[in-house]
Amino acid sequence: MTHTGCGRGCGPGPGYASPEAAIKAEPEKVLYVVALYTGTGIEEPDYFATVDVDPDSPNYSHVIHRLPMPYIGDELHHFGWNSCSSCHGDPSKSRRFAVIPGQRSSRIYIVDTVDKKAPKLHKVIEPEEIREKTHLTAPHTVHCLPDGHVMISMLGDSEGNGPGGFLLLDKNFDIAGRWERQTDGMRFNYDFWYQPRHNVMVSSEWAAPKTYYPGFDLNDVEADKYGHHIHFWDWSTREIIQSFDLGKEGLIPLELRFHHNPNSDHGFVAAALSSTIWHWYKRNDGWEIEKVIEIAPVEVEGRPIPVSALITDILISISDRYIYLSNWLHGDIRQYDISNPAHPKLTGQVWCGGLLGKGGEVQGHKLAGGPQMLQLSLDGKRLYVTNSLLSSWDNQFYPDLSKTGSYMLQIDCDTENGGLTINENFYIDFGEEPAGPARAHEMHYPGGDSTSDIWV
């Protein structure tokens, strides 16, 4: 199966004709976020929350709808769409269905957002069917493909071991098999991003679900049970063509992003444990990678070893000018100008909790946990932040988060000169949810955003 695109210039399908068109789109009015009870001690299902982010609305900065899942213990984590800007040229497609996996249950929910303020459950794909047909578990990243399929990175095999693979769903959300021809050279799996004009996909590595599910154990790092490779795949043949071992300076490479410009060969990956950012680019017929950002660990009283920043999320503005990163353990969010991708320049920093004691308050609320998931407005001016990573890791590093619940913040971004400022008028307190304190993870807008839209 070759993923060629829906025909550029045909329009108007979902999303936007170009990154430039996306930047000029209307500001977001609502935002979706997954909220979790898994691991908190509250026996309630995780849910899909709708947040009003329209400053002209009387419900601004409030959760206005909650869609609970039918089961307990899924651990909703990342999610994506059935269709995005990669299918802008196909008028038969629409960005209507959210594809929401359970990281622990391996169940996949399809949610209909035709009513943007009151989504409804459309379909459930049970883990038994996924195991039977693909021998895969632990779904993570969701991307819509140009041919109408949905692709999901799967982090485990049927038994929760590596390397996992990639699951395909067809337009009816039926299982269409696995994307990759083989997994030779791949020890683990995590995130992926494709850039069809360069006939390439890049994937990263976390660990086997059996390793990271219980929590973080430094002995597992010493035993080489965590990833340190990224892989470049031929998009047409679906085989790995080049891999890079990032070594001890690139431990646990998680989130990765290409430039949004579909002609660009530049991209970045964050190595969480090593707290480094790596820049890749094309040279002649191959790929090169270089370390461009490094954040040093910090001594913290009462901690046996220096505390890593733990870069757990990155994203690139639609303009491709800025990269944003969250240091979950240190507690800061950073903005770097990447006009020269090989030499990022720090232009903004704001503290939102963390173990260093530098996080402040918003609307009288002490910022618990550390900044984790990020989502940026299409115009690049508003950055949304939540603070839950994974239930077992939350309980290990921020045990009070199960009692306080998560926050959602909005950070104002200066797109001209650089700079970050917390918007004091926006605060979502997931500690006050109807069923008790919940933890919030990934966010998306119904109109598309910088982590779900790919141009072909």
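Residues numbered from 1 in each chain as written. Predicted model: local features only at pLDDT ≥ 70, side-chain atom pairs only at ≥ 80, totals over all residues. Heavy atoms only, no water.

Colleague: What exactly am I supposed to notice about the overall build of the chain here?
Modeller: Across its full length, the chain holds 6 helices and 31 strands. A compact globule built from 456 residues should have a C-alpha radius of gyration of about 23 Å, and the chain, at 20 Å, falls within 12% of that. Each principal axis of the C-alpha distribution contributes one length, and for the chain these read about 55 × 50 × 50 Å. Counting every position in the chain, which comprises 456 residues, the buried fraction comes to 64%. Within the chain, counting contacts between residues at least 6 apart in sequence, those at least 24 apart form 59% of the total. Accessible area for the chain stands at about 16,500 Å²; split by element, carbon and sulfur atoms hold 46% of it. Where the 38 positive side-chain charges of the chain centre and where its 61 negative ones centre are 3 Å apart. (Helix = DSSP H or I, 4+ residues; strand = E, 2+ residues; numbered from the N terminus. Rg over C-alpha atoms; globule rule 2.2 N^0.38 Å. Buried < 20%, exposed > 50% of the residue type's maximum accessible area, 1.4 Å probe, protein only. Contact = heavy atoms within 4.5 Å. Areas by Shrake-Rupley, 256 points an atom, 1.4 Å probe, with all protein chains shown as cover. Lys, Arg positive; Asp, Glu negative; His and termini not counted. Charge placed at Lys NZ, Arg CZ, Asp CG, Glu CD.)

Colleague: What is the right way to read the pairing of strand β20 (residues 311-316) from this model?
Modeller: When a strand is regular, its side chains alternate between the sheet's two faces. Counting buried residues along β20, 6 of its 6 residues qualify, which places the element largely inside the surrounding structure. Across 5 bridges, the pairing between β20 and strand β21 (residues 322-327) is antiparallel. Its bridge partner being in β21, Ile 316 is matched across the sheet by Ile 323. The antiparallel hairpin formed by β20 and β21 contains 5 residues in its connecting segment, where Asp 320 sits at a positive phi of about 65°. (Pairing = 2+ DSSP bridges.)

Colleague: Teacher, can you tell me more about the packing of aromatic side chains here?
Modeller: Any two aromatic rings considered together are summarised by their centre-to-centre distance and by the angle between their planes. By the definition in use, this model includes 30 aromatic pairs. Taking the centre distance of 5.8 Å and the plane angle of 35° together, the rings of Tyr 37 and Tyr 47 count as tilted. Highlighted residues: Tyr 37 in the loop between β1 (30-36) and β2 (47-52) and Tyr 47 in strand β2, separated in sequence by 10 residues. Aromatic side chains Trp 206 and Tyr 212 sit 3.7 Å apart centroid to centroid with 5° between the ring planes, which places their arrangement in the stacked category. (Phe/Tyr/Trp six-rings, centres within 6.5 Å; stacked < 30°, edge-to-face > 60°.)

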